[in-house]
Amino acid sequence: MIALVRAELLKLRSTRTALGLFIAILVATLVPLTLIIALVPRSWLETDGVTGFLNAASALVPLVLLVFGILGMTNEYRHGTITYSYLVTPRRWQVMVVKLAVYAVVGIVTMLIAVVLVYLVIRVGGAVRGIDIDATGGNTLGDYARTVIVAGLITTFGVALGALFRAQVITVAGTLIWALFVENIIVVLKPRIGMWMPFTVFNNVSAAQVPSSDNAVVAVEQLSRSTAFLVSLVYIALVSLLAVFISLRRDVT
Amino acid sequence: MPAVITADHLTKRFGKKVLAVDDVSFTIADGTITGVLGPNGAGKTTTLRMILDLVRPTAGSVTILGSRYRDLRAPAARVGALLDSAGFHPGRSGRNALRVIATGAGVSDARVDETLEMVELAKDGKRAVKGYSTGMKQRLALAAALLGDPEVLILDEPANGLDPEGMLWLRTFLRAQAAEGKTVLVSSHVLAEVEQTVDDVLIMSKGKLLAQGPISTLTASTQPVVRVRTPQAEKLETALLSAGAGVNRLNDALAVRGPTAAEVGELAHAQGVALHELLTEQPSLEELFLQIAGTRREQ
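Here the structure is a predicted model, which is why all the values come from computation and not from measurement.

1. Concerning the overall build of chain A
Then step 1. The helix and strand tally for chain A stands at twelve helices and zero strands.
Then step 2. Helices and strands in chain A line up, N terminus first, as α-α-α-α-α-α-α-α-α-α-α-α.
Then step 3. Burial status across chain A gives 43% buried among its 253 residues.
Then step 4. A fraction of 84% describes how many contacts in chain A between residues 6 or more apart in sequence connect residues 24 or more apart.

In structure tokens form, the structure reads like this:
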């Protein structure tokens, strides 16, 4: 298993996909955050709840990690490298379990880096502009821990989806359309069902969620963070198990 | 010689309509080069993939080195495979592509460099695979198969994309592997490609195994061909067909099955046909395949 882990890490190091991931995360989080802190009026930055909004800069990270996970698995099918993976390790469950685990760790580390960077940019930006901002946005250490863990698990969720569907473009496009549009429509139309949808649940765990406004047009029902965390674990475990099971039975042609 | 690979009533059905491999049984002896021959769609690739546990048989079983592939300990050190479906990430260098496989198999980087030397890709190892020609990718795949210095090599259409020089290199390479005592199973749809290389053949068509054995035994059991060259080819062809012979004509040349060379000569003499050439030939592998496939169709 150690050899498999080392091979999986080498796969990540030996292409530009992982590097691209980090650049995408840096661009998606730090650039808008830095611009907001640097350019918006002081009075706005001093508003209550603004740090929650600023923390939402890291909300895009799990989405990038999800795509990263899908690419990690679908690339194996797209380029035919899965054949070598199974030839070297014919016990396919080992290949799948190691991949899921490695991507979980990569997702956790990446999210941790993103959260720390966001915290530092808010602190430094606040200090430069002479504003005392609570850079945690009111999140506890437990909130951060759950956010980071779920980000890692979302990465494995991507790997599992990739293993289930294999076709790269369809999986990436279908997942993003579901996560960004379909679920939001369900949440608006059928909130009691919507709040149990996977990406809505993952988002509820995030410490970076935008606080709901009192005068919001639609009253959004959502699970508590701890419940959402547990439901997330169930979702990810189920999809991962299904991915392993299907990989065991699937012909590699 | 002990059997290295044993297939027992191997069958693979994809869905309800496609019967890719139909009740195929064979054994591959230790230290031999065996060609799996047949046209596209014969079931060769599916058979090789079933040996390697990449495709699960619908019925029957196959063992390699005494057990199922998935039960082999350190399989890369025992069986090396080059498969059409296996590929490399285009953004990864050739050397790193091999390192990924080697790391998983517990093989050292030194062996990676050694195999790159063997397939004459050492100079190109640091280039991204997307810049490789088809022939270079085939040699890289061959290097991947050799990483664990395996006892058995399973090669699916290894000559695909190789130029004549590459084909010669491949033949020499396969012979060298056999000389080291390795067992090689190599598939091809171009019969001439493997004719000079293999000891035994498995002939497949439409999912069925039509024949198995040493080429010499199979050719001995089939009819020799009498080659005739005459300026009156059409006249002789008509006479031969009337006598019940099988005839293929191309311009002034005839390939005759059935009668001996002496009988053909006498018939020509009786018809007043001048012969410029008359000789008996054992059929080539290609002709052997056509004869066997034709015989089975008639049955």
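Structure shown, so let's carry the discussion forward.
2. Here we look at the overall build of chain B
Then step 1. Along its length, chain B carries ten helices and 13 strands.
Then step 2. Once the C-alpha set of chain B is aligned to its principal axes, its extents read approximately 75 × 45 × 40 Å.
Then step 3. Taking all 299 residues of chain B together, the buried fraction comes to 43%.
Then step 4. Long-range pairs, those at least 24 residues apart, make up 68% of the contacts in chain B between residues at least 6 apart in sequence.

3. A word on the packing of helix α2 (residues 94–105) of chain B against helix α4 (residues 134–146) of chain B
Residues and elements named next belong to chain B.
Then step 1. At a closest axis distance of 10 Å, the pairing of α2 and α4 adopts a crossing angle of 25°. When the axis of α2 is compared with that of α4, the two are roughly parallel. At the point where α2 passes α4, the crossing takes the right-handed sense. The segment α2 lies against α4, with Gly94, Ala97, Leu98 and Ile101 engaging Leu140, Ala143 and Ala144.
Then step 2. The residue inventory of the contact of α2 with α4, partitioned by class, reads six nonpolar, one polar and no charged.

4. Focus on the domain arrangement of chain B
Then step 1. Here the domain parsing of chain B yields domain 1 (3–220) and domain 2 (225–282).
Then step 2. Taking only C-alpha atoms into account, the centre of domain 1 of chain B sits 42 Å from that of domain 2 of chain B.

5. Re the interface of chain B and chain A
Then step 1. If you look at the interface, chain B gives 28 residues, while chain A gives 24 residues.
Then step 2. Element by element, the count of residues in the side of chain B that touches chain A is highest for α2 of chain B, at seven residues.
Then step 3. A class-by-class count of the residues in the side of chain B that touches chain A yields 15 nonpolar, eight polar and five charged.

6. Observations regarding the sheet that holds strand β7 (residues 183–188) of chain B
Residues and elements named next belong to chain B.
Then step 1. Read from one edge to the other, the open sheet built from six strands follows the order β5-β6-β7-β3-β8-β9, with strand pairing classed as mixed. Two strands close off the open sheet at either side, each with one partner strand: β5 (79–82) and β9 (208–214). Taking the axes of each pair of neighbouring strands and ignoring which way they run, one obtains an average angle of 15° across the sheet.
Then step 2. Sheet topology note: the strand β3 (residues 33–37)/strand β8 (residues 200–205) ladder contains four bridges and is parallel. Its bridge partner lying in β8, Thr34 is registered against Asp200.
Then step 3. Set on the sheet, α4 makes contact with β5 and β6 (152–156); between it and β5 the angle comes to about 165°.
Then step 4. Packing against the sheet, helix α5 (residues 164–179) makes contact with β3, β6 and β7, and its axis sits at approximately 150° to β7.

7. Some thoughts on unusual backbone geometry
With glycine set apart, most residues show a phi of negative sign, and most peptide bonds adopt trans.
Residue and element names in this part refer to chain B.
Then step 1. Unlike most non-glycine residues, Asp53 shows phi in positive territory, near 65°.
Then step 2. Secondary-structure assignment places Asp53 in the loop between α1 (44–51) and β4 (59–64).
Then step 3. On the basis of neighbour counts, which here come to 22 C-beta atoms within 10 Å, the residue Asp53 falls in the buried class.

8. Here's the deal with the confidence of the model for chain A
Then step 1. When the pLDDT values of chain A are averaged, the result is 86; 90% of them are 70 or greater.
Then step 2. Overall, residues 210–219 of chain A carries pLDDT values under 50, and its contacts beyond four positions in sequence, including any with other chains, amount to seven contacts.

9. Considerations on the nonpolar core
Then step 1. Counting residues in hydrophobic clusters, the biggest one holds 130 residues, and the most contacted among them are Leu147 and Ile154 of chain B.
Then step 2. In terms of residues, this core owes the most to one element, helix α7 (residues 92–128) of chain A, which gives 14 residues.
Then step 3. Leaving out residues up to four positions away in the same chain, Ile154 of chain B has contacts with Leu48, Ile51, Leu52, Val79, Ala81 and Leu185 of chain B.
Then step 4. Judged by nonpolar contacts, the second largest core, of eleven residues, contains Val226, Val228, Leu240 and Leu254 of chain B.

10. Section: α7 of chain A
Then step 1. Here α7 of chain A spans 53 Å end to end across 37 residues, near enough to the 54 Å set by a 1.5 Å rise per residue.
Then step 2. Looking one or two places after α7 of chain A, you find Gly130 of chain A, whose phi comes out positive at around 70°.

11. Some points on helix α3 (residues 109–118) of chain B
Residue and element names in this part refer to chain B.
Then step 1. Those residues of α3 that fall on the buried side of the exposure criterion are Val112, Thr115 and Leu116. Looking straight down α3, one finds its buried side chains confined to an arc of 105°; they lie on one side.
Then step 2. Packed against the buried residues of α3 are α2 and α4.

12. Focus: the sheet that holds strand β2 (residues 18–29) of chain B
Residue and element names in this part refer to chain B.
Then step 1. Read from one edge of the open sheet, three strands run β2-β1-β4, paired in antiparallel fashion. On the outer flanks of this sheet lie β2 and β4, each paired with one strand and no other. Adjacent strand axes in the sheet meet at a mean angle of 15° when their direction is disregarded.
Then step 2. By the bridge criterion, five bridges tie strand β1 (residues 3–14) to β4 in an arrangement that is antiparallel.

13. Some words on the environment of Ser224 of chain A
Residue and element names in this part refer to chain A.
Then step 1. Position of Ser224 among the secondary structure elements: in the loop between α11 (198–205) and α12 (225–249).
Then step 2. Owing to 10 C-beta atoms within 10 Å, Ser224 belongs among the exposed residues under this scheme.
Then step 3. Between the C-alpha atoms of Ser224 and Ile246, which are 22 residues apart in sequence, the distance is 33 Å.

14. Comments concerning the environment of Leu210 of chain B
Then step 1. Within the secondary structure, Leu210 of chain B is located in strand β9.
Then step 2. In sequence terms Leu210 of chain B and Ile292 of chain B are 82 residues apart; their C-alpha atoms lie 7.0 Å from each other.

15. As for the packing of α7 of chain A against α12 of chain A
Residues and elements named next belong to chain A.
Then step 1. Interaxial distance between α7 and α12 falls to 9 Å at its minimum, and their mutual angle equals 150°. Relative to α12, the element α7 lies roughly antiparallel. α12 is crossed by α7, and the crossing has right-handed handedness. In this structure, α7 contributes Arg92, Trp93, Met96, Val97 and Leu100 to the contact, and α12 contributes Ser240, Ala243, Val244, Ser247 and Leu248.
Then step 2. Partitioning the contact of α7 with α12 into residue classes produces seven nonpolar, two polar and one charged.

Quick notes on the rules
Residues numbered from 1 in each chain as written. Chains lettered and ligands numbered in written order. Predicted model: local features only at pLDDT ≥ 70, side-chain atom pairs only at ≥ 80, totals over all residues. Helix = DSSP H or I, 4+ residues; strand = E, 2+ residues; numbered from the N terminus. Buried ≥ 20, exposed ≤ 12 C-beta atoms within 10 Å, placed from the backbone. Contact = placed C-beta atoms within 7 Å. Axes fitted to C-alpha atoms, helices over the stretch in contact; angles between N-to-C directions. Parallel < 35°, antiparallel > 145°, perpendicular 65-115°, else oblique. Left-handed = near helix turned anticlockwise from the far one by under 90°. Nonpolar A, V, L, I, M, F, W, Y, C, P; charged D, E, K, R; others polar. Domains from an automatic or database assignment. Pairing = 2+ DSSP bridges. pLDDT = per-residue confidence, 0-100. Core = buried A, V, L, I, M, F, W, Y, C linked by C-beta atoms within 7 Å. Expected span 1.5 Å × (residues − 1). Arc of directions from axis to C-beta.

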